[in-house]
Amino acid sequence: MKPAGVVRKVDQLGRIVLPKSLRKRYQMNEGDPVEILVQGDHIILERYRPKCVFCGSMEEVKEFKERTICGQCLTEMNHLPKLG
Ligand SMILES: [Zn+2]
């Protein structure tokens with residue numbers, strides 16, 4: 001991790017404006033979802049990409065009932081023994 005050479009103040013509502021140069025460089029546009037990650041005492045912002053709720057994969061992710069599942073887990077789920 002290296003400093004971006006930018007210092008910003010947090011406003012009353014806890015907001016921080018990301019400099020336009022960083023938004024452009026990391027392709028963050030208005031309305032884009034951003035995920036907030038923490039690592040030790042660092043706060044990391046990452047463009048949000050849906051992950052499988054079961055294995056964390058980002059490959060072939062589909063949404064189902066407001067959750068996300070990858071193709072591999074979906075295939076495995078289809079091969080579960082039937083209940084009852
Ligand atoms: Zn999965």
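For the structure, see preceding data.
Here we summarise the structure given alongside this text. In this text the structure is predicted, and so the values were computed from the model without any measurement. (Residues numbered from 1 in each chain as written. Predicted model: local features only at pLDDT ≥ 70, side-chain atom pairs only at ≥ 80, totals over all residues. Heavy atoms only, no water.)

Moving on: a nonpolar patch on the surface. A cluster of nonpolar side chains, V34, I36, V38, I43 and L45, forms an exposed patch at the surface whose accessible area comes to about 500 Å². For the nonpolar patch, the element with the highest residue contribution is strand β1 (residues 34–39), accounting for three residues. (Patch = residues over 30% accessible without salt bridge, like charges linked within 9 Å, V, L, I, M, F, W, Y side chains within 5 Å. Areas by Shrake-Rupley, 256 points an atom, 1.4 Å probe, with all protein chains shown as cover. Salt bridge = Lys/Arg side-chain N within 4 Å of Asp/Glu carboxyl O. Helix = DSSP H or I, 4+ residues; strand = E, 2+ residues; numbered from the N terminus.)

Our focus in this paragraph is the coordination of the zinc ion. Protein-derived coordination of the zinc ion comes from C52 (SG), C55 (SG), C70 (SG) and C73 (SG), at a distance range of 2.3 Å. Taken together, the four donor atoms coordinating the zinc ion and their angles of 105 to 113° define a geometry best described as tetrahedral. Positions of the donor residues of the zinc ion, expressed as sequence spacing, correspond to C-x2-C-x14-C-x2-C. Pair noted here: C55 is in the loop between β2 (42–47) and β3 (62–64) and C70 is in the loop between β4 (67–69) and α2 (71–78), with a separation of 15 residues, a long-range link. Its relative accessible area of 47% is what places C55 among the partly exposed residues. Residue classification places C70 among the buried residues on the basis of a relative accessible area of 2%. (Donors = N, O, S within 2.8 Å, 3.2 Å for Na, K, Ca; no water. Tetrahedral: all angles 85-135°; square planar, octahedral: opposite > 155°, others 65-115°. Buried < 20%, exposed > 50% of the residue type's maximum accessible area, 1.4 Å probe, protein only.)

What follows covers unusual backbone geometry. Even without glycine at this site, E60 takes up a positive phi of about 50°. Unusually for a residue other than glycine, E66 sits at a positive phi of about 65°. Position of E66 relative to the elements: it lies in the loop between β3 and β4. By relative accessible area, which is 73% here, E66 ends up exposed.

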